[in-house]
Number of protein chains: 4
Amino acid sequence: MVGYGYWGPLLARNFAAIPGSRLVAVCDSSDEQLALARMHYSQLRCVTSIIELLEDSRIDAVAIATPVSSHFELVHACLIAGKHVLVEKPLASSSNQARALVKTAEDYRRVLLIDHTYLYSSAVQAISAALTHGELGEVYYYDSVRINLGRFRSDVDVLWDLASHDLAILDYLFNDAPTSLQAVGFTYPPGEMCPLAYLTLRWGERRIAQIHVSWLAPVKVRRTLIGGSLGMVVFDDLDPDTKLRIYDHGIAGTGPSNRQGDAPLQWRIGYRRGEMRAPLLSIAEPLRNLAEHFIDCISKGAPVRSDGDSGVRVIEWLEAAQRSLAQGGIPVHLDISTKVSE
Amino acid sequence: MVGYGYWGPLLARNFAAIPGSRLVAVCDSSDEQLALARMHYSQLRCVTSIIELLEDSRIDAVAIATPVSSHFELVHACLIAGKHVLVEKPLASSSNQARALVKTAEDYRRVLLIDHTYLYSSAVQAISAALTHGELGEVYYYDSVRINLGRFRSDVDVLWDLASHDLAILDYLFNDAPTSLQAVGFTYPPGEMCPLAYLTLRWGERRIAQIHVSWLAPVKVRRTLIGGSLGMVVFDDLDPDTKLRIYDHGIAGTGPSNRQGDAPLQWRIGYRRGEMRAPLLSIAEPLRNLAEHFIDCISKGAPVRSDGDSGVRVIEWLEAAQRSLAQGGIPVHLDISTKVSE
Amino acid sequence: MVGYGYWGPLLARNFAAIPGSRLVAVCDSSDEQLALARMHYSQLRCVTSIIELLEDSRIDAVAIATPVSSHFELVHACLIAGKHVLVEKPLASSSNQARALVKTAEDYRRVLLIDHTYLYSSAVQAISAALTHGELGEVYYYDSVRINLGRFRSDVDVLWDLASHDLAILDYLFNDAPTSLQAVGFTYPPGEMCPLAYLTLRWGERRIAQIHVSWLAPVKVRRTLIGGSLGMVVFDDLDPDTKLRIYDHGIAGTGPSNRQGDAPLQWRIGYRRGEMRAPLLSIAEPLRNLAEHFIDCISKGAPVRSDGDSGVRVIEWLEAAQRSLAQGGIPVHLDISTKVSE
Amino acid sequence: MVGYGYWGPLLARNFAAIPGSRLVAVCDSSDEQLALARMHYSQLRCVTSIIELLEDSRIDAVAIATPVSSHFELVHACLIAGKHVLVEKPLASSSNQARALVKTAEDYRRVLLIDHTYLYSSAVQAISAALTHGELGEVYYYDSVRINLGRFRSDVDVLWDLASHDLAILDYLFNDAPTSLQAVGFTYPPGEMCPLAYLTLRWGERRIAQIHVSWLAPVKVRRTLIGGSLGMVVFDDLDPDTKLRIYDHGIAGTGPSNRQGDAPLQWRIGYRRGEMRAPLLSIAEPLRNLAEHFIDCISKGAPVRSDGDSGVRVIEWLEAAQRSLAQGGIPVHLDISTKVSE
């Protein structure tokens, strides 16, 4: 485990608890954090520099939960030392860095897994299943609200911190890439940090996604709506009883209708209202699922669910969002993202 | 009362109930609707053409609740016949029409009041009071979600139907006009009707407002967040117990801080978390308040809260939104709106 | 229509709107209320004494929405004048009175329908269907919370006002009668009015129902839980989106298990957690359904859903609750209620 | 730490983290649980019998989180070995046992603290402050709903498991003891385990408390209402944003009023509706506060907030509830509980 601040202990706890992995060492620059780790895990090797760990051939894999700015160097060092790597999202500080890391992982034939935690939640898995089974029909929109008061981060803005979750979910749920993107936000002080933003993605005229992220909201909301021609989804991650609801509601054109004599033909839309169901969700912690998946990828060669390519795409979209933001919210066209790995 | 469809009966009921007004006639093109009116009000004059009403000198004022496309002609006819006019929002089909009506009302010295219903709700009144008393400090953002499943309208799109409420509220709450605006949406069928849209308004770098309106959502939401340097507001119009909450939360720069040695100076933002209070709201119906205000404007010359100028500005913003929407969501600059009336 | 206070106008509106009935006369002791009625319905006969209406042979049926203390006399007078009667719940001030009215209705072969409004709601109809289809299995408990702040009534206490709704629902949903009942409450001033009470009903050891009613609660709640061996229900009448949820959750004994060696055999209970579904509910107003049902009973001889016998049982239970309340909450045994009508 | 099952690790974590205490040993009969403890804390002494710990004079205090049936023996052994004791609620299996333990603690001048966790939550502390400041006036009722699906326990029923929380809160908030109590419930299989119960406490005619506890509910609820003459409280422990709300609502008699001429004089009650406020609550974990309080009691002789006497009273009430339950819900009179300690 490299980095033992906020997220590191959570990852450590899961790797310590599952069969197939053993937590042998923790690396952190802070002696205080290492003391904490030592208190929780006996016989743990605690180091302040990653060098020693890289040389230890008994270590197969490294989990990295450090500030984003350090990702590139650390992941790269681990990969070329022959370690499999699990790294906090986002993968790196830029898409160039991210692409380089994907290439390195490929060259060294190592597993590179990005901790896009939501992909390992039972709710997103159930949404994915509903999509696969065609339960929602053609998806028209995705709307996500991810707001709360603080905690303000100084290393990344609110888009990199919170919108990255939704970008990873979008990348996972839909097979086709968005064609354009735009972002607006409030910066405070003007032109500096961005603690509130709205990010819009378009798939031509076929689909729209909007992500509202904020550190300035008096209430905490984590709610995603997905609407399609045959069904709709509400995913409320804070609902203690019912996180996921799938509505048998439909939206559909009712055919061209000639309105008011000479007026041009106009399609009309109508809707169908049906039952709602809340599938039974496993209560397994996403991080537990993630840890187990990482082990499976290493030991059984399972295909990586949140692989380097997805990490690259998420960063490309974040960079496009920054460009749009800097230019007052203009739409930015996205090239159909190509796979870095082959 | 002109127009006795969905909204007309609600207005009629209020004018029939308050002192200072008497409901004497209803005009509607449908005999069926007139029969309904006749059943509810005895000694009511029911007509299918507005002409007869205009000639009746005993009628002082006309309330108009007809489709938007008919507003211009009807309002104009009433004003030049010397009647005071209350008209459903939006005032007209275009800002040109709207400006012409404001001019006519001025020329004929008649009251022209737009039914921006929310301005007459006790919640918006309480928010306005909190702003006036400086309880929120400098307002940084306004975020409104106004979504539900249907009812699809064929005469106006979702922006004209639902976002117009928020535009009227913004116009009322803030003294300064937005400087730019952009809108994105989902049209179905592509390029035709717009049942889902996101509208963003900017006040330079100082403030941002976002309005999410939709007829395609599986759940009904009517929730507005307002965040300022000293306080924040949650207005949830569907909460049966607590529609309005005012949080003593603050957002503020903590001054420049030198991060990581040589790194550039950076302002940091912090927040303060305090108590929340829910002011006691009058349970008076907004439409009742509106009806009483209309009577006051006519009989006592009270200044009109939702006057023609506000109606013009709302339409100018809706038109700017349409231009943005048609060009893929580009930002549109707004001239500082000047008053039509002098 | 006899009585045009709070509830009368709502009933009147529905009878005026449905085919098969015509609202011809309203009776109320207050001239002010009659003026209100006259304003809403043209060609309406308005009287202050019921006598004139009883003599009018063109009137087939009377709806009564007056204070409870007047029910007995009014219903009786209407029945012997040959009118069918719909009367507000509770049917009368005592079970003796209620039984007498049932007998009279039988003797004069008139329809006597109690306005137990909830039985005509789509939610209770859906619960009834779920029970009939065995979806809940054996029902173990019914728990209802019906609380808010005010409105305090001076003619009846909170049990007669609010708990009567649940007693009617229980009577409708379950085929078997409760065997005992107890009630505790808070009276204010001590020994006088009861604005908060808990009523418990038992069906031997097989089932328990608890009803919490209050005019002293800071929040409004209308929520009923029903739990059975195979399924559970949450009926939240204030939820704007999902009033009814049916859970595929089960409770069941797992058989005797010998715990800790020599310890006595002990049954253990376990539970099964499954999906939840929210059936699509008709948005038809309960009062509309009720009005149509009344017409059907009169014109087609349909069996009365909330008949006089159910009205008698509800009052018997309320009287038993009062006896328990007066004696400090002791359990009161209930004779298996026999039908008055034959 | 004695007992390292569900609750033990949580207590251990807090004692390991605060200044003033050091976690030196864990005792559990299960080797598996000890392995878990060893993994989390290095240099931890792990034993399967408490004897060794009692003899270790360097150990000042013992925290006990074992099944209730073992409490008496363990607490007693620790006290006579001169250790201060923190023990899970309830203190013992019977009030006789509990009284004996209080006597022993007194004889040996040791701190005996019951883990009535809620007394250490910031919400209950804020309610207590509101009561002390007279913000609620005279309290008329306390209503608590503490329900969810499972987890079924085999050592104690739902009253001992969940209602004990409310009994401790009631004991803490009010200076006067209840005068009578009754309990009804659903047992499954009949006469065996009780997974659903309603417990009512009375303070003469002055106040009523009702506690609804259940392991059979499809939804999780943790909500307490408190209503007084001047104010009301809603404490919703599951609300992610606003756990505590204090309403400036009042209930009061409006004096005798002569209703309807000759009718007997009748008091009427009225209500006042005012603002609501949500005090800012510290986010400190209750268990952290509890651990710190235990240390303060030992090192500074601070008066024990949840002392042995309170533990005795809670068990006396649970025993009275069992007697009522066994006799079909009859009211049981409570002697004004006297302090065991002097």
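Residues numbered from 1 in each chain as written. Chains lettered and ligands numbered in written order. Predicted model: local features only at pLDDT ≥ 70, side-chain atom pairs only at ≥ 80, totals over all residues. Heavy atoms only, no water.

1. Thoughts on the overall build of chain A
So, step 1. In terms of helices and strands, chain A carries nine helices and 16 strands.
So, step 2. For 342 residues, the compact-globule estimate of 2.2 N^0.38 gives 20 Å, and the C-alpha radius of gyration of chain A, at 22 Å, lies within 12% of that figure.
So, step 3. With the C-alpha coordinates of chain A rotated into their principal frame, the extents come out at 80 × 45 × 45 Å.
So, step 4. Buried residues in chain A amount to 58% of all 342 residues.
So, step 5. Contacts spanning at least 24 positions in sequence make up 65% of the contacts within chain A whose residues lie at least 6 apart.
So, step 6. For chain A, the accessible surface area stands at approximately 13,700 Å², while carbon and sulfur atoms represent 50% of it. (Helix = DSSP H or I, 4+ residues; strand = E, 2+ residues; numbered from the N terminus. Rg over C-alpha atoms; globule rule 2.2 N^0.38 Å. Buried < 20%, exposed > 50% of the residue type's maximum accessible area, 1.4 Å probe, protein only. Contact = heavy atoms within 4.5 Å. Areas by Shrake-Rupley, 256 points an atom, 1.4 Å probe, with all protein chains shown as cover.)

2. Quick word on the relation of the copies chain A and chain B
So, step 1. Superposition record for chain A on chain B: RMSD 0.1 Å, screw rotation 180 degrees, translation along axis 0.0 Å. Such a combination of turn and shift is consistent with a two-fold rotation axis. Within chain A, the C-alpha atom positioned nearest to the axis of rotation is that of Ile 330 of chain A, 2.7 Å from it.
So, step 2. Looking at the interface residues of chain A, 98% of them are also at the interface in chain B, so both copies use one shared face. (Least-squares fit on C-alpha atoms with pLDDT ≥ 70 in both.)

3. Description of the interface of chain D and chain A
By a widely used convention, the size of an interface equals the accessible area lost when the partners come together.
So, step 1. Counting residues at the interface gives 10 residues for chain D and 10 residues for chain A.
So, step 2. Between chain D and chain A, the buried area comes to about 990 Å², and carbon and sulfur atoms account for 53% of it.
So, step 3. Ranking the residues of chain D by area buried against chain A places Met 39, His 40 and Asp 241 of chain D at the top, with a combined share of 46%.
So, step 4. The tally of links from chain D across to chain A stands at zero salt bridges.
So, step 5. Taken together, the links from chain D to chain A amount to four residue pairs in polar contact (both at pLDDT 80 or more). (Buried area = accessible area lost by both parts, 1.4 Å probe. Salt bridge = Lys/Arg side-chain N within 4 Å of Asp/Glu carboxyl O. Polar contact = N/O pair within 3.5 Å; in protein donor to acceptor, adjacent residues only side chain to side chain.)

4. So, the state of the cysteines
Note: disulfide means a covalent bond formed between the sulfur atoms of two cysteine side chains.
So, step 1. Counted according to the given criterion, the structure contains zero disulfides over all chains.
So, step 2. Take Cys 27 of chain B: it sits in no disulfide, and the sulfur closest to it among the cysteines is that of Cys 78 of chain B, at 9.0 Å. (Disulfide = S-S within 2.5 Å.)

5. Side note on the relation of the copies chain D and chain A
Related by rotation about an axis and a shift along that axis, the two copies of the chain form a pair.
So, step 1. Between chain D and chain A, the superposition needs a rotation of 180 degrees and an axial shift of 0.1 Å, giving an RMSD of 0.0 Å.
So, step 2. A shared binding surface is used by both copies, with 100% of the interface residues of chain D retained as interface residues in chain A.

6. Comments concerning unusual backbone geometry
So, step 1. Note that the residue after Gly 150 of chain A, namely Arg 151 of chain A, is joined by a cis bond; omega there is -10 degrees.
So, step 2. Here Arg 151 of chain A is to be found in the loop between strand S6 (139-149) and helix H7 (158-173).
So, step 3. You will see that Arg 109 of chain B, though not glycine, has its phi angle at about 50 degrees, which is positive.
So, step 4. You can see Arg 109 of chain B is positioned in the loop between helix H5 (95-107) and strand S5 (112-115).
So, step 5. What makes Arg 109 of chain B exposed here is its relative accessible area of 71%.

7. Notes on the domain arrangement of chain A
All names here are of chain A.
So, step 1. Segmenting chain A into domains produces domain 1 (8-118 + 289-306) and domain 2 (121-284 + 312-338).
So, step 2. Each of domain 1 and domain 2 was reduced to a C-alpha centroid, and the two centroids are 30 Å apart.
So, step 3. Regarding the contact of domain 1 and domain 2, the summed buried area is about 1,600 Å², with carbon and sulfur atoms giving 59% of it.
So, step 4. The three residues of domain 1 that bury the most area against domain 2 are Lys 89, Tyr 118 and Arg 305, which together make up 44% of that side's buried surface.
So, step 5. The interface formed by domain 1 and domain 2 includes one salt bridge.
So, step 6. Between Arg 99 and Glu 316 there is a salt bridge, with the nearest N and O atoms lying 2.6 Å from each other.
So, step 7. Run the count over domain 1 and domain 2 and you get seven residue pairs in polar contact (both at pLDDT 80 or more).
So, step 8. No other element matches helix H5 (residues 95-107), which puts four residues into the side of domain 1 that touches domain 2. (Domains from an automatic or database assignment.)

8. Some words on the interface of chain A and chain B
So, step 1. In this assembly, 60 residues from chain A lie in contact with 59 residues from chain B.
So, step 2. Between chain A and chain B lies a buried interface of about 5,000 Å² when both sides are counted; carbon and sulfur atoms form 67% of it.
So, step 3. Broken down residue by residue, the surface that chain A buries against chain B is led by Leu 149, Pro 218 and Ile 269 of chain A, which jointly contribute 14%.
So, step 4. Summed over the shared surface of chain A and chain B, the number is zero salt bridges.
So, step 5. Between the two partners, chain A and chain B, sit 10 residue pairs in polar contact (both at pLDDT 80 or more).
So, step 6. Among the secondary structure elements, those contributing two or more residues to the side of chain A that touches chain B are S6, strand S7 (180-186), strand S8 (196-203), strand S9 (207-214), strand S10 (216-228), strand S11 (232-236), strand S13 (250-258) and strand S14 (265-272) of chain A.
So, step 7. Partitioning the side of chain A that touches chain B into residue classes produces 34 nonpolar, 15 polar and 11 charged. (Nonpolar A, V, L, I, M, F, W, Y, C, P; charged D, E, K, R; others polar.)

9. Considerations on the pairing of strand S5 (residues 112-115) of chain D
Residues and elements named next belong to chain D.
So, step 1. Residues of S5 alternate between two faces, with Leu 112 and Ile 114 on one and Leu 113 and Asp 115 on the opposite face, all of them buried.
So, step 2. Sheet analysis places strand S4 (residues 84-88) next to S5, joined by four bridges and oriented parallel. The partner of Val 87 across the bridge, within S5, is Ile 114.
So, step 3. For the crossover from S4 across helix H5 (residues 95-107) to S5, the handedness is right-handed. (Pairing = 2+ DSSP bridges. Right-handed = clockwise from strand over helix to strand, strands pointing away.)

10. Here we look at the pairing of strand S4 (residues 84-88) of chain A
Look at any regular strand and the pattern is simple: side chains alternate between the two faces of the sheet.
All names here are of chain A.
So, step 1. Of all five residues making up S4, five are buried, and the element is well covered by its neighbours.
So, step 2. Where strand S3 (residues 61-64) and S4 come together, four bridges link them in parallel fashion. Opposite Ile 64, over in S4, you have Val 87 as the bridge partner.
So, step 3. In this fold, the crossover linking S3 to S4 by way of helix H4 (residues 71-80) has right-handed handedness.

11. Thoughts on H7 of chain A
Each α-helix turn comprises 3.6 residues. Residues three or four places apart therefore point the same way.
So, step 1. The end-to-end C-alpha separation of H7 of chain A is 22 Å, in line with the 22 Å expected for 16 residues at 1.5 Å each.
So, step 2. Taken as a whole, H7 of chain A carries its principal kink of about 45 degrees at Ser 164 of chain A. (Expected span 1.5 Å × (residues − 1). Bend = angle between axes of the 7 residues up to and from the residue.)

12. Observations concerning helix H6 (residues 122-132) of chain B
All names here are of chain B.
So, step 1. Counting buried residues in H6 gives eight out of 11 residues, a clear majority hidden from the surface.
So, step 2. Buried within H6 are the following residues: Ser 122, Ala 123, Val 124, Ala 126, Ile 127, Ser 128, Ala 130 and Leu 131.
So, step 3. Note on H6: the residue one or two positions beyond its end, Gly 134, has a positive phi of about 75 degrees.

13. A short note on the sheet that holds strand S3 (residues 61-64) of chain C
All names here are of chain C.
So, step 1. If you walk across this open sheet you meet the three strands as S3-S4-S5, and the pairing is parallel. Because the sheet does not close on itself, it has two edges, and the strands there are S3 and strand S5 (112-115). Each strand axis lies, on average, 15 degrees off the axis of its neighbour in the sheet, ignoring direction. (Axes fitted to C-alpha atoms, helices over the stretch in contact; angles between N-to-C directions.)

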